[in-house]
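Listed below, chain by chain, are the residues.
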Amino acid sequence: MNEGSPATTAPAPAGGLRRARWALLFGNFVIGCGVFVVAGTLNDISRSLNVSVPLAGQLIAIGGAVMCFGAPLLAGWVAGFDRRRLLAWTLLWYAAGHALCALMPSYAALWPVRAATVLGAAVFTPQAAAAMGFMAPPAERARAITFIFLGWSVASVLGMPTTAWLGEVHGWRVAFGAVAALAVLAAWGVFTSLPDGVKPAPLSLKAWKEVFTHPLLMLIIAVTALQSAGQFTVFSYMAPYYSQVLQASPAQITLLFAWFGVFGLIGNLLLTRHIERLGAGRAVALATVSIALSLLLWPLATGVATMLLVIIPWALGCFSANSGQQARLNATAPAPALASALMALNSSAMYLGQALGATAGGWLIAHGGYGPLHWVGLASVLVALGLSVWVGRRRAPAPA
C-alpha cells in the first residue's frame, strides 16, 4: 500500500506482524519508563530543585493533563500519517524532551519542558494500539493489543525500579537521560520493524460525534478514568511514602518498585493468555477487585516486609486492567473506523486519572499527610468497579 491509498483491514504477514509486535511492545516500555520516571525520582526532584513533595508531584498532574487532552486532539491530526514514520518520530520527540528535561535548572523551567515531552506519550500509546489492531487478523486482535501493552508492565518491572535507583543514587537527571537514550533505540526498532502503509481509517467529525454521544462507550471510558484516579492518588507518591513513612532505604525503595513491577507483568501475562476465554469485561472486573483489595489492606503495611505482601493484588491488577479496557473497547466499537478514536480516548482517560489522582494526592498530603491517600484511592476504584460491572450487563452497540 502506498501513502495515498485508502486504509484497509488486511492483516500483516505473520513474520512482519511478530517483529512489529515486539517493536511496539518495546516502544510502550520506553513510554512507560518516561511516564513513571517522575514518580520514581520524586524524592530527588524535590530535594535538588528545593520544592515540596506535593509541588514536585504536580509534574505528574501536569503531564497527565497534557496527555489527557493531547491524545484525542492529536489523534485526529495524525490520522493520515503512515504509522511507521509517525511512531518513530514520536519516540525521537520523546528522547529529545527527556534530554532537555535533564538540563533544566529549576522547577519553573522543568515543568513546561516536561509538558511538551509527554505529548509523545499522548500520541504513541493509542496510535500503537490502533496500528496493531489494523495489522492483526480479527481473531488475534485482542491478544495482539494486550501483548504490546506488556511494555508498560515491563516498564514497571525494570524501568520504574531502575529510575528510582538512579534517582536515589545518581540523581533524577541521570534517570531522565537514560529514558532519552532508550527512546532513541525504540525509534530505530519501530522504524525498522513496521511495514509501510499502516494507516488505520481516518477519523472524521462524524466518527468523533458518534463516540462522544454513545453512552455505553463513554461509560467504559469513564471506568478507565476512575481506576486511574484511584491508583494515582497513592501511586504518584509511593517513593516519598516509602521513604518517609516506612523509613525505607534507597535499596528497599528499588525492591518495592521492582516487586510491584514483577507482579504487574505477571498480571498482564495472565490477562493476555486468558482474556479471550474470560471476556474483556470480566477480566477488567477481576483486575479492579485486585486493586481495591490492596488499597483496603494498605493500613496493615507497617514496614517493608508487610508492604511487599499488601501490594501484590494491586500489582496483578494495575496494568492488566488498562490492557483489558483497550481490548474491551476494540471489541465494543460499533465500526472499525471508531477503534482509533476509542483507543485515544481510553489513553486520555487514563492520563486524566493520573492528573486528578496526583492533584488529589498532593492536596491530601499538604493538608492531612499520607494517611488519607489510600481511602480516597479505594473509593474511586470501587466506583470504577461498580460502573464496570453495570456496563458489562448492558447490550453492546450494534455494528454500523
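Criteria and thresholds
- Residues numbered from 1 in each chain as written.
- Predicted model: local features only at pLDDT ≥ 70, side-chain atom pairs only at ≥ 80, totals over all residues.
- Heavy atoms only, no water.
- Helix = DSSP H or I, 4+ residues; strand = E, 2+ residues; numbered from the N terminus.
- Buried < 20%, exposed > 50% of the residue type's maximum accessible area, 1.4 Å probe, protein only.
- Areas by Shrake-Rupley, 256 points an atom, 1.4 Å probe, with all protein chains shown as cover.
- Salt bridge = Lys/Arg side-chain N within 4 Å of Asp/Glu carboxyl O.
- 1 Å grid on protein atoms, 1.4 Å probe; cavity = no way out; pocket = protein on both sides within 12 Å on 5 of 7 lines; lining within 4 Å.
- Points joined across faces, edges and corners; volume = space filled by probe spheres on them.
- Nonpolar A, V, L, I, M, F, W, Y, C, P; charged D, E, K, R; others polar.
- Expected span 1.5 Å × (residues − 1).
- Polar contact = N/O pair within 3.5 Å; in protein donor to acceptor, adjacent residues only side chain to side chain.

Visitor: Report on the overall build of the chain, specifying residues and quantitative values.
Guide: Secondary structure assignment for the chain yields 17 helices and 0 strands. Taking all 400 residues of the chain together, the buried fraction comes to 61%. When the accessible surface of the chain is split by element, carbon and sulfur atoms take 71% of a total near 15,000 Å².

Visitor: Go over the pattern of salt bridges, please, and point to the residues and values.
Guide: Under the counting rule described, the total for this entry stands at 3 salt bridges. Notably, a salt bridge pairs Asp44 with Arg47, separated by 3.7 Å at the nearest N-O pair. Taken together, the residues Asp44 and Arg47, both in helix H2 (residues 42-48) and 3 residues apart, mark about one turn of the helix. The class for Asp44 is buried, based on a relative accessible area of 12%. Here Arg47 ties to Glu168 by a salt bridge, and the two come within 3.8 Å at their closest N and O atoms. Residue Arg47 is found in helix H2, and its partner Glu168 is found in helix H8 (residues 150-169); the two are separated by 121 residues along the sequence. Among the residues examined, Arg47 registers a relative accessible area of 48% and is labelled partly exposed. Judged by its relative accessible area of 18%, Glu168 falls in the buried class. Through salt bridges with shared partners, a single network forms among Asp44, Arg47 and Glu168.

Visitor: I'd like a description of the environment of Met307, backed by residues and values.
Guide: Inspection of the secondary structure puts Met307 in helix H15 (residues 304-332). Residue classification places Met307 among the buried positions, given a relative accessible area of 0%. When the C-alpha positions of Met307 and Tyr242 are compared, they lie 9.3 Å apart, and in sequence the two are 65 residues distant.

Visitor: Account for the layout of surface pockets, naming residues and giving values.
Guide: There is about 250 Å³ of room inside the second largest pocket. If you go around the second largest pocket, the residues you meet are Leu74, Trp77, Val78, Phe81, Arg85, Leu86, Trp89, Thr90, Trp93, Leu119, Gly120 and Val123. For the lining of the second largest pocket, the secondary structure elements donating two or more residues are helix H3 (53-77), helix H4 (83-101) and helix H6 (119-135). No other element matches H4, which puts 5 residues into the lining of the second largest pocket. Partitioning the lining of the second largest pocket into residue classes produces 9 nonpolar, 2 polar and 1 charged.

Visitor: Mind laying out helix H9 (residues 172-193), listing which residues take part and the relevant values?
Guide: Taking 1.5 Å per residue as the helical rise, H9 with its 22 residues ought to reach 32 Å, and the 32 Å between its terminal C-alpha atoms agrees with that figure. Residues of H9 that are buried include every one of Trp172, Ala175, Phe176, Val179, Ala180, Ala183, Ala186, Ala187, Gly189, Val190 and Ser193, and no others.

Visitor: With reference to specific residues and values, describe the side chain of Ser193.
Guide: The topology assignment puts Ser193 in helix H9. One polar contact links the side chain of Ser193 to the main-chain carbonyl oxygen of Gly189, over a distance of 2.8 Å.

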